[in-house]
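A structural walkthrough
Residue strings, one per chain:
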Amino acid sequence: MINRTRTAIFAISAAALPSASHAATVTWATWNAVTNNTAITTTAGYSSYIGINFNGSTTTINNGPGGVGGTNVVFTAVAQNGSAVAGGITVANSGFDFQSTGASNSNVVSAVGSPQTWATTLDRVIGDSGVGAVATITLSGLTAGNEYYVQFFSSAPDANILSNSVISSGGASSPAFGAHASGGTKSIIGTFTADGTSQAFTVAGTEPTYGALVIGVKPVPEPSTALLGGLALLGLTRRRR
């Protein structure tokens, strides 16, 4: 009986430990139109929300109507082919060969929430020229076992670009951006459970351009908690016997 108990404890402990690999598979949602701040997704169960503002300045945006009952998300500035740390996660981008700070990249003009309008952030973008060109956005400082979602915001002033753009990570690719009007802005969410400390996302297509990210973090239960729960279940099973 003692040997069986030790085996069970070892199995429970091993299950609580993260994998050592570094290519977590991403589950992709669909692209959705962005019209105002309420497109910023903050989901129950996630302990923190990290914003990234490419090629812009650090600012705070509230995703609730009129700033009431919403969540303030701080968007940390990250330059073209640069990096920055936000909420303990390093966000770096490479292979982007142009940037735009014009007022025509996004047709999002609604000023929902406070203190900063969402359109200002989306009008600052980094992009990659040419069909087949690939650029990368990498997240580092992740915790293996934690669940993350990454919401990508993309827009461009011309309707003839972006439509075939896709994001790939962990062997899974997002749907193509699809048709849109000039200044059309969309977002897409990719969810994964980290099995290493970093996750890279490659973007490809006809001039993919990105203005911002939102990263949500859902911590994994502490190993001690999972172990105690397993031992309690083991004890209950033995009592029933």
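Everything below is about the structure shown above.
Computed from a predicted model, the values in this text were never measured in an experiment.

Cut-off values and rules
- Residues numbered from 1 in each chain as written.
- Predicted model: local features only at pLDDT ≥ 70, side-chain atom pairs only at ≥ 80, totals over all residues.
- Heavy atoms only, no water.
- Helix = DSSP H or I, 4+ residues; strand = E, 2+ residues; numbered from the N terminus.
- Buried < 20%, exposed > 50% of the residue type's maximum accessible area, 1.4 Å probe, protein only.
- Contact = heavy atoms within 4.5 Å.
- Pairing = 2+ DSSP bridges.

Focus on the overall build of the protein chain
Per the secondary structure count, the protein chain includes three helices and 17 strands. The proportion of buried residues among the 241 residues of the protein chain is 41%. Residue pairs at least 24 apart in sequence account for 78% of intrachain contacts in the protein chain once pairs closer than 6 positions are excluded.

Comments concerning the environment of Phe-153
As for its placement among the helices and strands, Phe-153 is situated in strand β11 (residues 147-155). A relative accessible area of 0% means that Phe-153 is categorised as buried. Separated by 28 residues in the primary sequence, Phe-153 and Val-125 place their C-alpha atoms 9.6 Å from one another. Ignoring sequence-local partners within four residues, the contact set of Phe-153 consists of Val-34, Ala-39, Ile-40, Trp-118, Leu-122, Lys-186, Ser-187, Thr-209, Tyr-210, Gly-211, Ala-212 and Val-214.

Things to note about the environment of Ala-159
Here Ala-159 lies in the loop between β11 and β12 (166-169). Given the relative accessible area of 36%, Ala-159 is considered partly exposed. In sequence terms Ala-159 and His-180 are 21 residues apart; their C-alpha atoms lie 5.7 Å from each other. Setting aside chain neighbours within four positions, we find Ala-159 in contact with His-180, Ala-181 and Ser-182.

Observations concerning the pairing of strand β5 (residues 72-78)
With four bridges connecting them, strand β3 (residues 48-54) and β5 associate as parallel partners. Bridging across to β5, Gly-51 finds its partner in Phe-75. As judged from the four bridges shared by strand β4 (residues 59-62) and β5, these two strands associate in the antiparallel manner. Note on β5: the bridge partner recorded for Ile-61 is Val-73.

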